[in-house]
Amino acid sequence: MINREDMLALTRRMTVKRTSITRIAGGYMDIDGFIDGTFNTSFLKLSPAEQEKNLALAKKVPFAKTNKNLKEYKFSDDQRMWKLLMGMRACGLKNDALMETFYEIIGEHYQADEDYAIYVFHDRYDIPAKGLDHIRQGESERMYEYILCVICPLSGEYEPGEPECGFLFPAFVDGGAAMNYVDIYQEDEEYPHEEQVRRKSKIPVGRGNERMHEKSSGREDHCERDHRRMRSDASDFLPEFSG
């Protein structure tokens, strides 16, 4: 189960003055799922107006109704998609080859009625140290590094509309990263984009004692992973998680 307070902690930082988002990357897709254009830039290079517009898109995910429009899922044993997301996170979205692979995989599986955009954000959130009374105590001791994705229909030429779905990876649990979990956002709870969830992978979620939290050191450098091998497996590995 997703803790609402964890999501609100992220949401409160999604303002122009408080944001710690480092980078934004995106792909513009036609209705058939082919890439029409891409971008990749430092978030701080955007104008304040552009930052505010993009933060409004990103905020839709953590601010959604928890455990209704935003639900927690566990990755299956076949973790090729997990490895790709870890690579994107480790690179801070700077590896264009990995990003293009990601867009191509989304395009292959996503069922769209119109052209759409895929926006991905990278953030490093310094988690404030707090006492039992929830009062902040000194400097932060931990950092939550994550990527956030939204998929939006295009309302104009390269102008994204309201997000229809998206995700937060890794899931934010108990003030830290649950590395084998992902939080998936669906705008329409009754008619979700089921293609985001592989039906044959029925794995229970919400088992707190099974969560693998990130260690502070020794993380593999996923950024150097061969993206061509990932691309060859694209038909197999979009969203390998289920509720």
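Refer to the structure printed above.
I will try to describe carefully the structure that is included in this document. (Residues numbered from 1 in each chain as written. Predicted model: local features only at pLDDT ≥ 70, side-chain atom pairs only at ≥ 80, totals over all residues. Heavy atoms only, no water.)

## Let's talk about the pairing of strand 2 (residues 35-42)
Next, step 1: Pairing of strand 1 (residues 21-29) with strand 2, which is carried by seven bridges, proceeds in the antiparallel orientation. Bridged to Ile24 within strand 2 is Thr41.
Next, step 2: The loop that links strand 1 with its antiparallel partner strand 2 comprises five residues; one of these, Gly33, has a positive phi angle of about 90°. (Pairing = 2+ DSSP bridges. Helix = DSSP H or I, 4+ residues; strand = E, 2+ residues; numbered from the N terminus.)

## So, the packing of aromatic side chains
Next, step 1: Under the counting rule described, the total for this entry stands at twelve aromatic pairs.
Next, step 2: Taking the centre distance of 5.3 Å and the plane angle of 80° together, the rings of Phe39 and Tyr119 count as edge-to-face. Here the residue Phe39 occupies a position in strand 2, and Tyr119 occupies one in strand 4 (residues 116-127), the gap between them amounting to 80 residues.
Next, step 3: A connected cluster of aromatic rings, assembled from ring pairs, spans Tyr28, Phe39, Tyr119 and Tyr158. (Phe/Tyr/Trp six-rings, centres within 6.5 Å; stacked < 30°, edge-to-face > 60°.)

## Thoughts on the side chain of Asn95
Next, step 1: Its place among the elements puts Asn95 in the loop between helix 3 (80-91) and helix 4 (96-109).
Next, step 2: A polar contact is formed between the side chain of Asn95 and the backbone nitrogen of Leu98, at a distance of 3.0 Å. (Polar contact = N/O pair within 3.5 Å; in protein donor to acceptor, adjacent residues only side chain to side chain.)

## Overview of the pattern of salt bridges
Next, step 1: Here the structure, examined in full by the defined rule, presents four salt bridges.
Next, step 2: The closest approach of N and O atoms between Glu159 and Lys53, which form a salt bridge, is 3.5 Å. Of this pair, Glu159 sits in strand 6 (residues 159-160) while Lys53 sits in helix 2 (residues 48-59), and the two are 106 residues apart along the sequence.
Next, step 3: Put simply, Arg124 and Glu145 hold a salt bridge, and the shortest N to O gap is 3.7 Å. Note that Arg124 is positioned in strand 4 and Glu145 in strand 5 (residues 142-156), a separation of 21 residues in sequence.
Next, step 4: Judged by relative accessible area, which is 3%, Glu145 ranks as buried.
Next, step 5: Sharing partners across several salt bridges, the network here consists of Glu50, Lys53 and Glu159. (Salt bridge = Lys/Arg side-chain N within 4 Å of Asp/Glu carboxyl O. Buried < 20%, exposed > 50% of the residue type's maximum accessible area, 1.4 Å probe, protein only.)

## Structural notes on a negative patch on the surface
Next, step 1: There is a patch of like negative charges on the surface, built from Asp32, Asp36, Asp113, Glu114 and Asp115.
Next, step 2: By the secondary structure assignment, Glu114 is in the loop between helix 4 and strand 4. (Patch = residues over 30% accessible without salt bridge, like charges linked within 9 Å, V, L, I, M, F, W, Y side chains within 5 Å. Areas by Shrake-Rupley, 256 points an atom, 1.4 Å probe, with all protein chains shown as cover. Lys, Arg positive; Asp, Glu negative; His and termini not counted. Charge placed at Lys NZ, Arg CZ, Asp CG, Glu CD.)

## Concerning helix 2
Next, step 1: Between its terminal C-alpha atoms helix 2 stretches 16 Å, which fits the 16 Å expected from twelve residues at 1.5 Å a residue.
Next, step 2: The complete set of buried residues in helix 2 reads Gln51, Asn54, Leu55, Leu57 and Ala58. One side of helix 2 carries all its buried residues, which in axial view fall inside an arc of 155°. Exposed residues lying more than 90 degrees from the buried face of helix 2 are Ala49 and Glu52. (Expected span 1.5 Å × (residues − 1). Arc of directions from axis to C-beta.)

## Examining the nonpolar core
Next, step 1: Met88, Phe102, Ile118 and Val120 are the most contacted members of the largest nonpolar core, which totals 62 residues.
Next, step 2: Counting residues per element, this core draws most heavily on strand 5, at nine residues.
Next, step 3: Beyond its immediate chain neighbours, meaning those up to four positions away, Val120 contacts Arg23, Ile24, Ala25, Met88, Leu93, Met99, Phe102, Tyr103, Ile147, Leu148 and Cys149. (Core = buried A, V, L, I, M, F, W, Y, C linked by side-chain atoms within 4.5 Å. Contact = heavy atoms within 4.5 Å.)

All we've got here are geometric facts, nothing functional implied.
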